[in-house]
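Residue-level structural notes
Here's the letter readout for the chains.
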Amino acid sequence: MSKIFPTTLRQVKLAAGYLKLKPAVIKKLATPQKVLNKKISLKLDNGQEKKIEVYRVQFNNARGPYKGGIRFHAQANLDEVKTLALLMAIKCAVVNIPMGGAKGGAKIDPKKLSLAEVERLSRAWVKAFKNDLGPDKDVPAPDVYTNPQIMAWMMDEYSQLVGQQTLAVITGKPLDQGGSEGRETATAKGGVYILTEALKKFPLLRRSSKNPNLSVAIQGFGNVGYHAAQFLYQAGFKLAALSDSQGGISNLNNHGMNPEYVMSSKKEHGQIHSCYCTGSVCDCVNYQHITNEKLLELPVDVLVLAALEDQINLKNAKRIKAKIILELANGGINPDADKILEKNRVVILPDVLANAGGVTVSYFEWLQNKTNQHWTEAEVFAKLKTIMVKSFNDVWDLKNKANVTAREAAFVLAIKRIVEAMK
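A few points on the structure. (Residues numbered from 1 in each chain as written. Predicted model: local features only at pLDDT ≥ 70, side-chain atom pairs only at ≥ 80, totals over all residues. Heavy atoms only, no water.)

1. Side note on the overall build of the protein
For the protein, the helix and strand inventory stands at 14 helices and 14 strands. Over its C-alpha atoms, taken along the principal directions, the protein stretches across nearly 65 × 55 × 40 Å. The proportion of buried residues among the 423 residues of the protein is 59%. At a minimum sequence separation of 6, the contacts of the protein that also span at least 24 residues come to 68%. As displayed, the protein offers around 18,400 Å² of accessible surface, 50% of which is attributable to carbon and sulfur atoms. Separation between the mean location of the 58 positive side-chain charges and that of the 39 negative ones in the protein comes to 7 Å. (Helix = DSSP H or I, 4+ residues; strand = E, 2+ residues; numbered from the N terminus. Buried < 20%, exposed > 50% of the residue type's maximum accessible area, 1.4 Å probe, protein only. Contact = heavy atoms within 4.5 Å. Areas by Shrake-Rupley, 256 points an atom, 1.4 Å probe, with all protein chains shown as cover. Lys, Arg positive; Asp, Glu negative; His and termini not counted. Charge placed at Lys NZ, Arg CZ, Asp CG, Glu CD.)

2. Description of the environment of Arg63
Note that Arg63 resides in the loop between β2 (49-60) and β3 (66-73). Overall, the relative accessible area of 18% leaves Arg63 in the buried class. Each C-alpha atom, one on Arg63 and one on Ala421, is 5.7 Å from the other, the two residues being 358 residues apart in sequence. Excluding residues that lie within four positions of it along the chain, Arg63 makes contacts with Cys92, Ala93, Asn96, Ile97, Pro98, Met99, Arg417, Ile418 and Ala421. A polar contact of 2.6 Å, which involves the side chain of Arg63, links it to the side chain of Asn96. (Polar contact = N/O pair within 3.5 Å; in protein donor to acceptor, adjacent residues only side chain to side chain.)

3. Overview of the pairing of strand β5 (residues 138-142)
Extensive coverage of β5 is indicated by the burial of 5 of its 5 residues. The two faces of β5 match: Asp138, Pro140 and Pro142 on one face and Val139 and Ala141 on the other face are all buried.

4. Thoughts on the nonpolar core
In this structure, Ile90, Leu195 and Leu349 are the most contacted members of the largest nonpolar core, which totals 90 residues. With residues near it in sequence (within four places) discarded, Ile90 still touches Val12, Val352, Phe411, Ala414, Ile415 and Ile418. (Core = buried A, V, L, I, M, F, W, Y, C linked by side-chain atoms within 4.5 Å.)

5. A word on the state of the cysteines
Under the defined criterion, the tally for this structure stands at 2 disulfides. Put simply, Cys275 and Cys284 are joined by a disulfide, and their sulfur atoms are 1.9 Å apart. Its torsion about the S-S bond being 115°, the disulfide of Cys275 and Cys284 is classed as right-handed. Here Cys277 connects covalently by a disulfide to Cys282, the sulfurs 2.0 Å from one another. As the torsion about the S-S bond is roughly 105°, the Cys277-Cys282 disulfide counts as right-handed. You can call Cys277 buried: its relative accessible area is 15%. For Cys282, a relative accessible area of 42% puts it in the partly exposed group. (Disulfide = S-S within 2.5 Å.)

6. Here's the deal with helix α8 (residues 259-269)
One turn of an α-helix holds 3.6 residues; hence residues three or four places apart share an orientation. Those residues of α8 that fall on the buried side of the exposure criterion are Pro259, Val262, Met263, Ser265 and Lys266. With its buried residues spanning 160° around the axis, α8 presents them on a single face. For α8, exposure combined with an orientation more than 90 degrees from the buried face picks out Lys267 and Glu268. The elements touched by buried residues of α8 are α7 (223-234), β7 (238-244) and β9 (276-278). The N-cap residue of α8 is Asn258: its side-chain oxygen and the backbone nitrogen of Glu260 are 2.9 Å apart. Of the residues flanking the end of α8, it is Gly270, one or two places downstream, whose phi is positive at about 85°. (Arc of directions from axis to C-beta.)

Dropping the structure here:
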């Protein structure tokens, strides 16, 4: 079972206790409304048939249609999907968009499939759950090892099955097939809006003549981590350390790194390299190799978690020196570590708030499809900023009023909104 589910469930129950909810209501909040688990047959290119387990968990739709991604992964399992479906319900409520929570998956390694086999898998997944999907029922999106092309196939398959083009049944589609501007960078962009707003609350951390560039360490250099690095670099932050799953590089004393050069080097070497190269000029003296574990403990202003769950826990929480943690990864911080971090005056921007930019722009795509509109990237980001800034202030006001952690405040706010919609 995913480590996130019991901790997420515990947060739900703590929030329910704070709100003095009845046991029957708590049980309803903690139980998926529908768990779909099927086996489909995938025809391989060699003519053979392969049985694949597929899932869709619809956790709660009190506030609107179910919303959540689909992952194709060899280790996908029902417990993981259930966990992420619950988290989606919470996130949508935290940022107050009219969507519920769901998640889907297929237990297979897509890297071992041909493109034609991936297309057949995508279409078969939709056929399996067609009666439970729909623009006003359940709106999937991409997740691990799924992408805009897969979403396009799924949308096309659903459209064929119901006899009319239905763009709003899937989000994360290519732009020319009803996708939204800004979707690829939405999670990172939303997180940066949250961080920027948080900095307004802490004058000592603002850039000044004595502290012109706030330092940042980013664990995780995939889509979210890379785009967060780009946005922060463009905003004048100093990128002091970057890492991927195999380790990374740090530099606390010089001017930091340009994420585009680091990504170029990563593509060339297959991982973040121990030298920092600007074009053909490489600095292998001032930039040191660093492990993911050590990156977490660097004395930086901002630590961005954009990798795996449970990176900061009871074992290492006391050694964290960052002043602010932006939790873009689901479950990057074990909630048990929150109070230790806050006692040490570390500001936590929790995942259910910080990484909700992705689902928010997915909601925008659904809304554009429903109303036959197409917004510019500037319009998308302006609307995203409005929602993220208000959501941050809602959470922070409740945190201060109730004297709870930011994560607890986010869950209380979300559960309150869901329960109100359930009445």
